[in-house]
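Reading the structure
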Amino acid sequence: MANKVQEQTDVMVEAKGKLELFFDKWGNKILWVLVAVAIVVGAYFIYKNYAASKHEAMSLEASAALNAAETIEDYAAIATKYEGTEAANTALYSAGALALDAGDLAAAKSYLAKYQNAEGPAGEILNASVYGLRGDIAVEENDLQSAASLFRQASEASRDELTFARFMDKLARVYEAMGDDAKAQQCYKDVVAKYPQYASFYENLIRE
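Residues numbered from 1 in each chain as written. Predicted model: local features only at pLDDT ≥ 70, side-chain atom pairs only at ≥ 80, totals over all residues. Heavy atoms only, no water.

Take the pattern of salt bridges next. Applying the stated criterion across every chain yields a total of six salt bridges. When the shortest N-O distance is used, the salt bridge between lysine 109 and glutamate 141 registers 3.2 Å. With lysine 109 in helix H4 (residues 105-113) and glutamate 141 in the loop between helix H5 (120-140) and helix H6 (144-156), this pair connects stretches of sequence that are 32 residues apart. With a shortest N-O distance of 2.9 Å, aspartate 169 and arginine 173 are connected by a salt bridge. Residue aspartate 169 and its partner arginine 173 are located together in helix H7 (residues 161-177), separated by four residues, close to a single helical turn. Among the residues examined, aspartate 169 registers a relative accessible area of 14% and is labelled buried. (Salt bridge = Lys/Arg side-chain N within 4 Å of Asp/Glu carboxyl O. Helix = DSSP H or I, 4+ residues; strand = E, 2+ residues; numbered from the N terminus. Buried < 20%, exposed > 50% of the residue type's maximum accessible area, 1.4 Å probe, protein only.)

In this section: the packing of aromatic side chains. Two measures describe an aromatic ring pair: the distance that separates the ring centres and the angle between the ring planes. Following the criterion strictly, the structure yields five aromatic pairs and no others. Relative to tyrosine 195, the ring of phenylalanine 164 lies with its centre 5.9 Å away and its plane at 65 degrees, an arrangement referred to as edge-to-face. With phenylalanine 164 in helix H7 and tyrosine 195 in the loop between helix H8 (181-194) and helix H9 (199-202), the pair connects residues that are 31 residues apart, well separated along the chain. With relative accessibility at 12%, the residue tyrosine 195 sits in the buried group. When the ring of phenylalanine 201 is compared with that of tyrosine 202, the centres are 5.0 Å apart and the planes differ by 85 degrees; the resulting orientation is edge-to-face. Looking at phenylalanine 201, the relative accessible area reads 57%, which means it is exposed. Taken together, the ring pairs connect Phe164, Tyr195 and Tyr198 into an aromatic cluster. The aromatic ring of phenylalanine 164 is capped on one face by lysine 194, whose charged end is 4.4 Å from the ring centroid. (Phe/Tyr/Trp six-rings, centres within 6.5 Å; stacked < 30°, edge-to-face > 60°. Lys NZ or Arg CZ within 6 Å of the ring centre and 35° of its normal.)

Quick look at H5 now. What sets the pattern is the α-helix's 3.6 residues per turn: residues three or four places apart point alike. The terminal C-alpha atoms of H5, which comprises 21 residues, lie 30 Å apart, in line with the 30 Å expected from a rise of 1.5 Å per residue. Taken from the residues just after H5, asparagine 142 is the one with a positive phi, measuring 60 degrees. (Expected span 1.5 Å × (residues − 1).)

Next up on the list: the packing of H7 against H8. Orientation of H7 relative to H8, taken along the N-to-C sense of each, is 165 degrees, at an axis distance of 7 Å. Considering the angle they form, H7 stands roughly antiparallel to H8. When the axes of H7 and H8 are compared, the crossing they make is left-handed. When H7 is examined against H8, the residues Phe164, Ala165, Met168, Asp169, Leu171, Ala172, Arg173, Tyr175 and Glu176 are found in contact with a partner set consisting of Lys183, Ala184, Cys187, Tyr188, Asp190, Val191 and Lys194. For the contact of H7 with H8, a count of residues per class yields 10 nonpolar, no polar and six charged. (Axes fitted to C-alpha atoms, helices over the stretch in contact; angles between N-to-C directions. Parallel < 35°, antiparallel > 145°, perpendicular 65-115°, else oblique. Left-handed = near helix turned anticlockwise from the far one by under 90°. Contact = heavy atoms within 4.5 Å. Nonpolar A, V, L, I, M, F, W, Y, C, P; charged D, E, K, R; others polar.)

Summing up the model confidence of the chain, the mean pLDDT is 80 and the portion of residues at 70 or higher is 72%. In this model residues 2-16 is a low-confidence stretch, pLDDT under 50, and it forms zero contacts with partners more than four residues away in sequence or in other chains. Segment residues 44-48 is flagged for pLDDT under 50; beyond a separation of four residues in sequence, or across chains, it makes zero contacts in the model. (pLDDT = per-residue confidence, 0-100.)

The computed volume of the largest pocket comes to approximately 420 Å³. Secondary-structure elements contributing two or more residues to the lining of the largest pocket are helix H2 (72-81), helix H3 (86-101) and H5. Tallying contributions element by element places H3 first for the lining of the largest pocket, with five residues. In the lining of the largest pocket, the residues fall into eight nonpolar, eight polar and four charged. Its volume calculated, the second largest pocket comes out at about 160 Å³. Together, Lys109, Leu112, Ala113, Arg134, Ile137, Ala138, Glu141, Asp143, Ser146 and Leu150 line the second largest pocket. Residue assignment for the lining of the second largest pocket shows that the elements contributing at least two residues are H4, H5 and H6. Per-class residue counts for the lining of the second largest pocket are five nonpolar, one polar and four charged. (1 Å grid on protein atoms, 1.4 Å probe; cavity = no way out; pocket = protein on both sides within 12 Å on 5 of 7 lines; lining within 4 Å. Points joined across faces, edges and corners; volume = space filled by probe spheres on them.)

Attention now moves to the environment of alanine 184. Looking at the element boundaries, alanine 184 is found in helix H8. When its relative accessible area of 0% is taken as the criterion, alanine 184 is described as buried. Remark: the alpha-carbon pair of alanine 184 and methionine 168, spanning 16 residues in sequence, is separated by 9.0 Å. With residues near it in sequence (within four places) discarded, alanine 184 still touches Ala172, Tyr175 and Glu176.

This is the structure in structure tokens:
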């Protein structure tokens, strides 16, 4: 029994000795590696917080610029200077809308092509409006098939009832222009089926 205990003790002493030798040889290097990792991790989080703070400041500045903007040039400048912010994205929509109003279809298409779909209820309405503007451009170009597809996408992009009704109405008018009265009627019926409160508004448009 004593011999067994002595053997176990010898093994432990030997293991302890090897461990001490290992740390004597590699301890400083391991310590420096750990310090380096800690510095890198710390720097990452400092940079991340700095970047978030900087982005927030830029977003606030972009929003202020957006509120003051009036012309296509104003909105285009915001979209370029504050790229990556919600305000810049909204500015692309506004620039596209003004360009369309001015009859510059090429510029309108160029601005809207850079728009990135937004999130949240307000973002969904803006997404729908962009599809709608692209549909309006297609109508101006007499591309009614594309217009119908875009107005359909606009009606489905948001859960807002007014947005849905607005673009289903535009879709119906495109179908009427295409001579497809049945599809136009179905658009009106779809609005009333989804939102019965619009029944009185559409009663003169829906033919049984």
